[in-house]
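Listed here are the chains, written in short residue letters.
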Amino acid sequence: MSYLRLEKAVMTNLEESLRRELLRTNRSGAYSSSTLVDCNTRKYHGLLVVPVPELDDENHVLLSSLDCTVIQHGAEFNLGLHKYQGNNFSPKGHKYIREFTCDVVPTTLYRVGGVLLKRETIFQCYEDRILIRYTLEDAHSATTLRFRPFLAFRSVRQFTHENSTASREYHEVDNGIKTCMYAGYPDLYMQFNKKNEFVFQPDWYRGVEYPKEQERGYASNEDLYVPGYFEVSIKKGESIIFAASTKEIKSNSLKSLFQKEIDVRQPRDNFYHCLVAAAHQFHFRDRRSGSSAEELDDSDDRYLLAGYPWFKARARDTFIALPGLTLAIGEQDYFEHVMKTAEKGLREFMEDKPLSVKIYEIEHPDVPLWAIWAIQQYTKDAGKEKGYKMYGKLVRDIVEYVIKGGNPTMRLDDNGLLYANGRDKAITWMNSTANGHPVVPRSGYIVEFNALWYNALKFCASLEEEFGDKKFAAKLEERSETCKVSFVDTFLNEYGYLLDYVDGNMMDWSVRPNMIFPVAFDYSPLSQEQKKSVLDVCTRELLTPKGLRSLSPKSGGYNPMYVGPQTQRDYAYHQGTAWPWLGGFYMEACLKIYKRTRLSFVERQMVGYEDEINYHALGTISELFDGNPPFHGRGAMAFAMNVAEILRTLKLLEKYTYQK
C-alpha cells in the first residue's frame, strides 16, 4: 500500500480533490504545480513555471497545462479539467481517474472503457524541464493520444488575455515544436520521444477561472492560448514521454533521462521521507557560472527559498530553516553551501556594500542573531572545534557589529538589552502591514531579539574561551550577566509569562509565542522555574495540533481565521493563526525541561502534522493554519521553516528516545 495514495472516490469528488495541490521543483527556482486532478486553481499554478531574469525577478508561467485525449474508433475522451467562469468545469476528465499515488513520482491511473493509461510526472533537477511519461497499461484496439498545450507566457502575479500581440509563429524541432508568444521570453520547446504529428490550430480558450484567487479577493480569470495539438499512436505496453523545456533536447535521450531522474528520487513511503523530499524542494542553486545540471559547481550560490509558490530567499527564514532542512537530515554539506552564500550577504550588509546575493530582508536587525543560532546548531552536529574553524570569526564579527550599533534600526543600551525601532516599519517575523503601517508594531525591547542576543553572547563567549581570545570571552560574559538581569526585570511579569515588547511606558501584555524562544535556546536568561512557568502559559493558551498560535484567544484582537481579501488576511496573519515552526521551538523547550517524560506528548503532536501530508499540498506543510478547529491550512502551499522545524523536532525526538 502506498503511503501517498488517493482512491477514485476522492479524486472524482472535486470538493475534495481541488483542495489538494501538488508541487515539484527543479532546485533552481523553477517549479510545476497544480491540483491533483490537474485543474489549476491559482494563478501561480502551471506545468512549467520558470524564472526569467532577463524580464524581472518573478517566476513566469510558460506552459499552463497539457490536456491529453484518448482516441479509439474515432471516439475522443479528454482527460483534462479546467474551471471556467460561471462555475463550469470542462472537459471533466477527472471522472476517468482510477487512483493517484506518489511513491516516487506523481502517478495518475486513468480508466477509459478498456483503456488503462498511466501518467507519471517528474521535474528534471537543475533544468527548466518537465517530463511526463504516458504508459498504455491496457487497450483492446488501436489507440491514439492527442495532446493540447495551454500556453500563458506571463508572470505568476499577472494574467494573460486574448490579444493580437501574441506570436503564433512556431518552428519544428526534433519530434516537436518550439514557440514563443512574446519578445523577451525564452522559447518553449515541446518534444516527444516518438515521431508525432503537430496540427497547427491556434485558438484562445477564454474565461479560465482560478477559485483560489477569488477566495483571496483578487482578479481570477484569464484566457489561454492553444497553438494546436500533437497526435501520436501508442501500443499496449508502450510508453511515450513528453518534455516541455526552455532548451531543446535530443528526443532519443528522453527515455533514459526519465529513468535516470526516477533512480535518484527517494521514495515517499513514510512521514519522514516525505519531509526530506519536501526539504529538497526549497533548495535553490543559482548557476552563476553557467554550469550545467550535470556539473555542480562550488562557485554557484546556494539558497533556501522561504516557500512556494511566491516566496523568495528571505534572510531570517534562511537561518531559522537551515538546521532543520540540512543538519536534521544528515546534509551538513548543503548547510555549508548555503551559509557560504549567506555569509557573503551578511558581510556585505554589515560593511554597507551592495548585495551580490539574492537574499531579501537581510536588513532586519535580528537576522545576524538568527545566523549565530544556526551556526550554534551546526556546532552540535559537526563539533565545536569545526564550528569555530568554519564560523568562529563570523560569530565574533556579528557580536561586535551589534555592540557597535551597526544596524541603523537597533542599538545596545547600557542595561545590556537591544532596543529596536519597529513603530513605522515591521522589523520582526510578525511583518504584516496594512495601509503602510505594521499590524503588530513591535518596537522597543523585543523579547525574542533579546533572547537571541543573550544566547549569542553566551555562545560566542564559549567559543572564544575554548578556542580563541579568553579576554574577549570574559567581556562577553560580563555583558551577558547584565543582559540576564535586565531581561528578567523587563519582560517577566507577575503572571509568570513574558511581555512581548516593552517601549518606555508601553508594555505589550498580549500572550504571544515569541516568549518560547528563551525557553528553547541553549542559553537562557530565565531560571528553570521561570522557564516552566512560561512553557505552561504557552501550553494553556497557544498550543494547537498545528503549532503555536500567534496570539492567545484571551488577548485582545484575536483573529484566528486567515481568510478573505488581502487586508482582512493581513489583520489576521499574526493575530491568532497557528504556525508549525513555532511549535518546533515549543517541542524543544518541552524536551529540555521535562526530558523523556514528554516524549509521548511530542510524538502525539507530530501526528497533527502528519495529517497534513495527505491533505493540502501533498507531501509538504502549508505556511500557516487557522488558530481554531478544524485548523485549516492556509497561505503558501509549502513553507520552509515549518518543514524544517518538524524535521528538527523529529531529530530531537530520536536524541531523547535513545538517551540514557
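Described in the following lines is the structure provided in the data block. Just so you know, these numbers come straight off a predicted model, no measurement behind them. (Residues numbered from 1 in each chain as written. Predicted model: local features only at pLDDT ≥ 70, side-chain atom pairs only at ≥ 80, totals over all residues. Heavy atoms only, no water.)

Moving on: the sheet that holds strand β29 (residues 506-507). The antiparallel open sheet is built from three strands, whose spatial order is β27-β28-β29. Edge positions in the sheet fall to β27 (445-446) and β29, since each of these pairs with one other strand and no more. When strand β28 (residues 501-503) meets β29, the two strands line up antiparallel, connected through two bridges. In the strand pairing of β29, D503 is matched with M506. (Pairing = 2+ DSSP bridges. Helix = DSSP H or I, 4+ residues; strand = E, 2+ residues; numbered from the N terminus.)

In this sheet, strand β6 (residues 75-78) lies alongside strand β5 (residues 59-72) in antiparallel orientation, the contact comprising four bridges. Pairing of I71 across the sheet is with E76, part of β6. Where β5 folds back on β6, the antiparallel hairpin that results is connected by two residues, among which H73 adopts a positive phi of roughly 50°.

Spatial strand order, β1-β9-β10-β11-β12-β19-β16-β15-β14: nine strands in an open sheet with antiparallel pairing. Both edges of this open sheet fall to β1 (5-7) and β14 (170-173), since each of them pairs with a single strand only. Between one strand and the next, the sheet's axes are offset by a mean angle of 15°, whatever the strand orientation. Here β1 pairs with strand β9 (residues 97-101) via three bridges, running antiparallel. Bridge pairing links R5 to T101 in β9. With respect to the sheet, helix α4 (residues 254-263) is in contact with β11 (115-123), β12 (129-138), β16 (188-192) and β19 (239-245), its orientation differing from that of β12 by roughly 100°. (Axes fitted to C-alpha atoms, helices over the stretch in contact; angles between N-to-C directions. Contact = heavy atoms within 4.5 Å.)

With an omega of 0°, the peptide bond running from S90 to P91 counts as cis. Of note, N435 is a non-glycine position whose phi angle comes to about 55°, a positive value. By the element assignment, N435 lies in the loop between β25 (433-434) and β26 (437-438).

In this fold, M430 is placed in the loop between β24 (418-420) and β25. Distance from M430 to G635, taken between C-alpha atoms, is 15 Å for residues 205 residues apart in sequence. Beyond its immediate chain neighbours, meaning those up to four positions away, M430 contacts V440, R442, R512, P513, N514, S550 and H574.

The first and last C-alpha atoms of helix α17 (residues 640-657) sit 26 Å apart over 18 residues, in line with the 26 Å expected at 1.5 Å per residue. When you tally the buried positions in α17, you get 13 out of 18 residues, the bulk of the element. (Expected span 1.5 Å × (residues − 1). Buried < 20%, exposed > 50% of the residue type's maximum accessible area, 1.4 Å probe, protein only.)

This paragraph deals with the nonpolar core. Judged by nonpolar contacts, the single largest core of 209 residues is most densely connected at L117, L325, W453, I516, W581, F585 and Y586. For this core, the element with the most residues is helix α10 (residues 447-467), which contributes twelve residues. Filtering out sequence-adjacent residues up to four positions away, F585 remains in contact with I320, W370, W373, I516, F517, A520, F521, E645 and R648. Membership of the second largest hydrophobic core comes to ten residues, among which are I249, L254, L257 and F258. (Core = buried A, V, L, I, M, F, W, Y, C linked by side-chain atoms within 4.5 Å.)

Now for the side chain of E261. Note on placement: E261 falls in helix α4. For E261, the side chain forms a polar contact with the side chain of R265, separated by 2.9 Å. (Polar contact = N/O pair within 3.5 Å; in protein donor to acceptor, adjacent residues only side chain to side chain.)

One pass over the full model with this rule turns up 46 salt bridges. Note that R133 and E120 form a salt bridge whose closest N and O atoms lie 2.8 Å from each other. In this pair, R133 is assigned in strand β12 and E120 in strand β11, connecting sequence segments 13 residues apart. A salt bridge links E588 to R648, with the shortest nitrogen-to-oxygen separation between them at 2.8 Å. Here E588, found in helix α15 (residues 580-594), pairs with R648, found in helix α17; they are 60 residues apart in sequence, far enough to count as distant. (Salt bridge = Lys/Arg side-chain N within 4 Å of Asp/Glu carboxyl O.)

Okay, empty space enclosed by the protein next. Enumeration according to the criterion identifies six cavities of 30 Å³ or more in this entry. One number sums up the size of the largest cavity: a volume of about 300 Å³. Together, 23 residues line the largest cavity, and S34, D38, L47, R119 and T121 are the ones closest to its centre. Looking at the lining of the largest cavity, the elements that each hand over two or more residues are β2 (21-25), β3 (31-35), β4 (46-51), β5, β10 (107-112), β11 and β12. Of the residues that constitute the lining of the largest cavity, the class distribution is nine nonpolar, eleven polar and three charged. Put simply, the second largest cavity is a space of about 90 Å³. Lining the second largest cavity, in full, are R314, R316, D317, E361, W429, N431, Y573, H574, W579, E623, F639 and M641. The residue inventory of the lining of the second largest cavity, partitioned by class, reads five nonpolar, two polar and five charged. (1 Å grid on protein atoms, 1.4 Å probe; cavity = no way out; pocket = protein on both sides within 12 Å on 5 of 7 lines; lining within 4 Å. Points joined across faces, edges and corners; volume = space filled by probe spheres on them. Nonpolar A, V, L, I, M, F, W, Y, C, P; charged D, E, K, R; others polar.)

In this structure, the largest pocket occupies an estimated 730 Å³ of space. Forming the walls of the largest pocket are 33 residues, and the residues nearest its centre are S28, P51, V52, P53 and F284. The greatest single-element share of the lining of the largest pocket, amounting to three residues, is contributed by strand β20 (residues 283-286). Considered class by class, the residues forming the lining of the largest pocket number 15 nonpolar, five polar and 13 charged.

Okay, the packing of helix α8 (residues 367-382) against α10 next. It is at 9 Å that the axes of α8 and α10 come closest, and there the two elements cross at 45°. Between α8 and α10, the angle is such that the two are oblique. Like other packed secondary-structure pairs, α8 and α10 cross with a definite hand, here left-handed. Contact residues: α8 offers L369, W370, I372, W373, I375, Q376 and T379, while α10 offers F449, L452, W453, N455, A456 and F459. Looking at the contact of α8 with α10, its residues break down into ten nonpolar, three polar and no charged. (Parallel < 35°, antiparallel > 145°, perpendicular 65-115°, else oblique. Left-handed = near helix turned anticlockwise from the far one by under 90°.)

Turning our eyes to something else, we now look at helix α16 (residues 599-610). What sets the pattern is the α-helix's 3.6 residues per turn: residues three or four places apart point alike. Helix length check: α16, at twelve residues, gives a terminal C-alpha distance of 17 Å against a target of 16 Å (1.5 Å per residue), a fit within 8%. Within α16, the full set of buried residues consists of L599, F601, V602, Q605, M606, G608 and Y609. The buried side chains of α16 occupy one side of the element, clustering within an arc of 165° when seen end-on. In the core, the buried residues of α16 are packed alongside α5 (271-281), β30 (543-544), β31 (547-549), α15 and α17. (Arc of directions from axis to C-beta.)

Next up on the list: the packing of aromatic side chains. Pairs of aromatic rings are described using the distance from one ring centre to the other and the angle between the two planes. If you walk through the whole model with that rule in mind, you get 42 aromatic pairs. Centroid distance F487 to F491: 4.8 Å. Interplanar angle 50°. Geometry classified as tilted. Of this pair, F487 and F491 both sit in helix α11 (residues 470-491), four residues apart, roughly one helical turn. Classification of F487 as buried rests on a relative accessible area of 0%. Between the NZ or CZ atom of R598 and the centre of the ring of Y594, over which it lies, the distance is 3.9 Å. R598 extends its terminal NZ or CZ atom over the ring of F601, reaching a point 5.7 Å from the ring centre. (Phe/Tyr/Trp six-rings, centres within 6.5 Å; stacked < 30°, edge-to-face > 60°. Lys NZ or Arg CZ within 6 Å of the ring centre and 35° of its normal.)

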